[in-house]
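# Examining the three-dimensional arrangement
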Amino acid sequence: MSAEGHPEGLSEGFALMRLTLDDLEDIAALETAHGWPLGGSGAQLAAALSDEASAVVGLRVGTTLTGYAVAVRLPFEAELQAILVDDAWRGRGFARRLLAAVVAQARAWGSERLLLEVRAGNAPAIALYRDAGFEDDGVRRGYYPPRPASPQPPETTPPRHAGAVGGDAREDALLMSLPLVAEEAASG
């Protein structure tokens, strides 16, 4: 992504860009189509789009937003807060491209690590993060509320649950991080 947030050309006619408040309606539509937000709101998204300590990057084909990711700068680290790719565009490396843009932004901020949490049952996301070099840091037991009922079950492994039995069991959160500072730089 360029420093000004202008689109960079991607193969297959896609553009990776920094999103702005002008993109809020498209982000909300993408979230609504996927049953999100599960913990956010339009006001929180607007704040992230306006905050210099946040970066919201998106992938578009033409005028259609096909995916986005949100990263936030913390004092010494950065956090990936959300990443979503439209079902119709999954399996084409878009999440990988969004994640790479977030990693690049965290490095540009001078962050030492990039943190994230993910539902323990979200096997595709966990595989993406591990392939990118993220390591497991811990587990928050029973962190996420149960997923809303959907007509199609997600392609995930069975989630780990904490304490509850049945369909209303809460799901664990897997905590992961990616070191961004080379060991030589950290020790020198």
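No experiment lies behind these values; they were computed from the predicted model shown. (Residues numbered from 1 in each chain as written. Predicted model: local features only at pLDDT ≥ 70, side-chain atom pairs only at ≥ 80, totals over all residues. Heavy atoms only, no water.)

Let us now look at the overall build of the chain. Within the chain, the secondary structure is distributed over five helices and eight strands. Counting helices and strands in the order they occur from the N terminus, the chain gives β-β-α-α-β-β-β-α-β-α-β-β-α. Per-residue burial over the chain gives 38% buried out of 188 residues. The contacts in the chain between residues at least 6 apart in sequence include a share of 66% that link residues at least 24 apart. (Helix = DSSP H or I, 4+ residues; strand = E, 2+ residues; numbered from the N terminus. Buried < 20%, exposed > 50% of the residue type's maximum accessible area, 1.4 Å probe, protein only. Contact = heavy atoms within 4.5 Å.)

Here we take up the packing of aromatic side chains. Scanning the model with the defined rule gives five aromatic pairs in all. A centroid spacing of 5.1 Å and a plane angle of 85° characterise the contact between Tyr-143 and Tyr-144, whose relative ring orientation is edge-to-face. Exposure remark for Tyr-143: the relative accessible area of 37% places this residue in the partly exposed category. In this structure an aromatic cluster arises from ring pairing among Phe-14, Trp-89 and Phe-94. The ring centre of Tyr-143 lies 5.2 Å from the NZ or CZ of Arg-140, which sits over that ring. (Phe/Tyr/Trp six-rings, centres within 6.5 Å; stacked < 30°, edge-to-face > 60°. Lys NZ or Arg CZ within 6 Å of the ring centre and 35° of its normal.)

Within the secondary structure layout, Asn-122 lies in the loop between strand E6 (113-119) and helix H4 (123-131). Between the alpha carbons of Asn-122 and Leu-174 there is a distance of 9.6 Å; along the sequence they are 52 residues apart.

With that out of the way, let us pick up the pattern of salt bridges. For the structure on display, the rule yields nine salt bridges. One salt bridge in this structure joins Arg-119 and Glu-171, with 2.8 Å as the shortest N-O distance. One end of the pair, Arg-119, is in strand E6; the other, Glu-171, is in strand E8 (residues 171-179), with 52 residues separating them in the sequence. The burial state of Arg-119 is the same as that of Glu-171; both residues are buried. When salt bridges that share partners are traced, they join Asp-23, Asp-26 and Arg-60 into one network. (Salt bridge = Lys/Arg side-chain N within 4 Å of Asp/Glu carboxyl O.)

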